[in-house]
Amino acid sequence: MTQRLVLDHITAHYGSTRVLEDLSLDIAEGELVSLLGASGCGKTTTLRLIAGFLTPTSGTITLGGKDLTRLPAHKRDIGLVFQNYALFPHLSVADNVGFGLKQRGIAGEARTRRVGAMLERVGLTDLADRLPGALSGGQKQRVALARALVIEPPLLMFDEPLSNLDAKLRIDMRVEIRQLQRANGTTSVYVTHDQEEAFSISDRVAIMHQGRIMQLDTPEMLYQRPANAFVARFVGFENLIEMKVVAREGGNVTAETTGGVRLSLPADRFGAIPDRFVLASRADGLAVTDDPGSDGIPATLGLRTYLGRAYQYQCETPAGHLLANGPLTRPFEPGTTVRLVPVPEQCTILAPEAEA
C-alpha cells in the first residue's frame, strides 16, 4: 500500500556543519517527487534521513501517519534503487529480485510467482538464471528496480539510479521507471543532479540549494515561472535584468534598467509588475532586430554561435552582458548594433535578488 510521506521542519547537522535547514516536504500518495540540485545541496542527506541511514537533529518524518524519525532503517520497509545497483554478485537475477521477499519470510511458490511476474514486467524473464557479472548496465538497473518493486513497498526511493548509464539508455530507463512507478502507484522520491531527467520523470520537483528547498513545483511551472533568481538561473534563464518602474499609464508600464535604458512593458502580457523587479529571460526571450525604431535594449553583438535552431549572440548592452538568439534566416555579423526586444511569453518577472 502506498502512503503519504511528510518531512516536517527537518534540520540535520554533520558535526558543526548544518546540512539541512528547516526543510519541510509533503509528498502525496502515489506521487513521484525529485530532489534536484548540485553536489552538496542536501538532496542525498534528505534521502538518507528518509531511509533511516541518518537521524535528523530536529523535526519529524512520517509515512502514512507512522513516525519514522527514530525507526531503524531495516524496519522502514522502503524500496531502494542505488546508483551502483548493489546487486549480490553470487546470486542469480531471480535470487537477487527475490532476496527482499526471502527476508520477509515469503517462500516457495508464492515467492517464485512474484519474482516471475516482476521479471516479466521489467523484461528480464530470459535472464533469470544469469549472474550480475554477465549483465549490461541497463539490465543490472532493471534487476535493481525489480528487487525494489517486488516487495511492494509503501515508499520507493532512487539515488542517482541512471548516472552510470550512457545517454540513450538513460532516456530509455527513465521512461521505464516512470511507467512502472505509475502502474504500481508507489509513492516515490528520486534524487538526481540532472535537470532533464528530473523534469521528464516527476510529478513535482524540489530544487535544492544549501540545505533548503528553493522551489517545489511541477516541471512546467519551474521552467516557465521560477519563484526566485536562483531557480531562474538553475532552469536556464541566462539574462537577469534589474529594473525599476518610472511610469504607469493605462495598461503599460515604463521601466528603466540599471544602465538607464527604458522599456515599455504591457502589463496584460507580463503580468503584475512591482516598482522594483528583475526581468528574467532565456536567450530566446530577447529578439534580435536591427530596426532602430524598436522598443528594446541597444546592444553591440559579439561572438555568434550556431545552435542548429538559431544563432546565439554574446551582447554588450548598457544593462550588462546578455545572451540573445536570432533567426537562422538573418545572421548578423559581430560588431553590429541591434536592439534586444523582450518576448513576453519567454520572460518572467522576479523580485529583486536581495528580496528573492
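These notes cover the structure that comes with them. (Residues numbered from 1 in each chain as written. Predicted model: local features only at pLDDT ≥ 70, side-chain atom pairs only at ≥ 80, totals over all residues. Heavy atoms only, no water.)

What follows concerns the overall build of the chain. When helices and strands are tallied, the chain shows nine helices and 20 strands. Expressed as lengths along the three principal axes of its C-alpha atoms, the size of the chain is roughly 80 × 45 × 35 Å. Out of the 356 residues in the chain, the part that is buried amounts to 47%. Sequence-distant contacts, at least 24 apart, represent 65% of the contacts inside the chain between residues at least 6 apart. (Helix = DSSP H or I, 4+ residues; strand = E, 2+ residues; numbered from the N terminus. Buried < 20%, exposed > 50% of the residue type's maximum accessible area, 1.4 Å probe, protein only. Contact = heavy atoms within 4.5 Å.)

With that out of the way, let us pick up the packing of helix α2 (residues 93-103) against helix α3 (residues 108-121). Interaxial distance between α2 and α3 falls to 9 Å at its minimum, and their mutual angle equals 125°. Of the possible angle classes, the one that applies to α2 and α3 is oblique. Crossing geometry of α2 relative to α3 is assigned as right-handed. Residues V93, A94, V97, G98, L101 and K102 of α2 pack against R111, R114, V115, M118 and L119 of α3. Of the residues that constitute the contact of α2 with α3, the class distribution is seven nonpolar, one polar and three charged. (Axes fitted to C-alpha atoms, helices over the stretch in contact; angles between N-to-C directions. Parallel < 35°, antiparallel > 145°, perpendicular 65-115°, else oblique. Left-handed = near helix turned anticlockwise from the far one by under 90°. Nonpolar A, V, L, I, M, F, W, Y, C, P; charged D, E, K, R; others polar.)

Turning our eyes to something else, we now look at the pairing of strand β11 (residues 239-249). Relative to strand β14 (residues 276-281), β11 is paired through six bridges, and the arrangement is antiparallel. When the sheet's bridge partners are listed, L240 is paired in β14 with A280. If you look at the hairpin formed by β11 and strand β12 (residues 252-257), you'll find two residues sitting between the two strands, and G250 has a positive phi there, around 60°. (Pairing = 2+ DSSP bridges.)

Further remarks concern the packing of aromatic side chains. Applying the stated rule across the entire model yields five aromatic pairs. The interplanar angle of 50° and the centroid separation of 4.6 Å between the aromatic rings of F88 and F99 together place this pair among those described as tilted. Here F88 is found in the loop between β6 (79-81) and α2, whereas its partner F99 is found in helix α2, with eleven residues between them in sequence. Accessibility expressed as a relative area gives 28% for F88, which makes it partly exposed. (Phe/Tyr/Trp six-rings, centres within 6.5 Å; stacked < 30°, edge-to-face > 60°.)

A full pass over the atoms with the stated rule returns 14 salt bridges. D26 serves as the salt-bridge partner of R4, at 2.4 Å between the closest nitrogen and oxygen. Placement of the pair is R4 in the segment before β1 (5-14) and D26 in strand β2 (residues 17-27), with a sequence separation of 22 residues. Here R269 ties to E345 by a salt bridge, and the two come within 2.8 Å at their closest N and O atoms. Taken as a pair, R269 in helix α9 (residues 267-270) and E345 in the loop between β19 (337-342) and β20 (347-350) lie far apart in primary sequence, 76 residues in all. R269 gets classed as partly exposed once you look at its relative accessible area, which sits at 46%. (Salt bridge = Lys/Arg side-chain N within 4 Å of Asp/Glu carboxyl O.)

Among the nonpolar cores identified, the biggest contains 33 residues, and V97, L119 and I177 are the most heavily contacted of them. Of all the secondary structure elements, the ones that give two or more residues to this core are α2, α3, α4 (137-150), β7 (155-159) and α5 (167-184). Top element by residues in this core is α4. It accounts for seven residues. (Core = buried A, V, L, I, M, F, W, Y, C linked by side-chain atoms within 4.5 Å.)

This part covers the sheet that holds β2. In space, the four strands of this open sheet follow the order β2-β1-β4-β5, with antiparallel pairing throughout. The outermost strands of the open sheet, each flanked by one partner alone, are β2 and β5 (66-67). With two bridges joining them, strand β4 (residues 58-63) and β5 adopt antiparallel strand pairing. Bridged to L63 within β5 is K66. Its contacts with the sheet put helix α1 (residues 43-51) on β1, β2 and β4, and the angle it makes with β1 is roughly 115°.

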